[in-house]
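# Reading the structure
Listed below are the residues making up each chain.
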Amino acid sequence: MHATTITTPHPVPRWKWGTALLVGTVLWFIGLIASEVIPQVLLGMELEGPTYALVGVIRAVLGLAAIVVALRIVQYRLRDIGLVATQWRDDAWLGAAIAIGFALLKFMVIIPNTGGAARSDIVANAAQ
């Protein structure tokens, strides 16, 4: 592991942070709604399987855009808040390991011990 030092580029007044938080939250919420409206209303897609993948991609893009806009208000870049690509391989492996571990825990321990395939949420998700 490499040590990464993050330095604050400049002091920012609290009102600017508050504005950035408010604008970022509003944009994120708009993106949340748009990610469901675009596939269903504009593209005429049913909200099932592949449409959920598209919703996720749209949500990720619009969410990142909301963060970038909020950071612009305080004159920061993604790098200034720690989003750097110096250790992306280590981060990707760690993320994959955690995702796999959580999936195994969920499907091999939690779901079988809390009602299994008969649970209403499992039945609803399987139908999608």
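Look a little higher up for the structure.
Cut-off values and rules
- Residues numbered from 1 in each chain as written.
- Predicted model: local features only at pLDDT ≥ 70, side-chain atom pairs only at ≥ 80, totals over all residues.
- Heavy atoms only, no water.
- Helix = DSSP H or I, 4+ residues; strand = E, 2+ residues; numbered from the N terminus.
- Buried < 20%, exposed > 50% of the residue type's maximum accessible area, 1.4 Å probe, protein only.
- Phe/Tyr/Trp six-rings, centres within 6.5 Å; stacked < 30°, edge-to-face > 60°.
- Contact = heavy atoms within 4.5 Å.

Here we take up the environment of Ala65. Among the structural elements, Ala65 can be located in helix 2 (residues 49–73). When its relative accessible area of 36% is taken as the criterion, Ala65 is described as partly exposed.

Next up on the list: the packing of aromatic side chains. With the rule as written, the count across this model stands at two aromatic pairs. Both rings, one in Trp17 and one in Tyr76, keep their centres 5.3 Å apart while their planes meet at 80 degrees; by these two values the pair is edge-to-face. Placement of the pair is Trp17 in helix 1 (residues 14–42) and Tyr76 in the loop between helix 2 and helix 3 (88–110), with a sequence separation of 59 residues. Looking at Trp17, the relative accessible area reads 36%, which means it is partly exposed. For Tyr76, a relative accessible area of 9% translates into the label buried. Here the aromatic rings of Trp28 and Phe29 are separated by 6.5 Å at their centres, their planes lie at 50 degrees, and the arrangement is tilted.

On to the environment of Val69, then. Its place among the elements puts Val69 in helix 2. On the basis of relative accessibility, which here comes to 37%, the residue Val69 falls in the partly exposed class. Between the C-alpha atoms of Val69 and Gly24, which are 45 residues apart in sequence, the distance is 6.9 Å. Those residues in contact with Val69, other than ones at most four positions away along the chain, are Val23 and Leu27.

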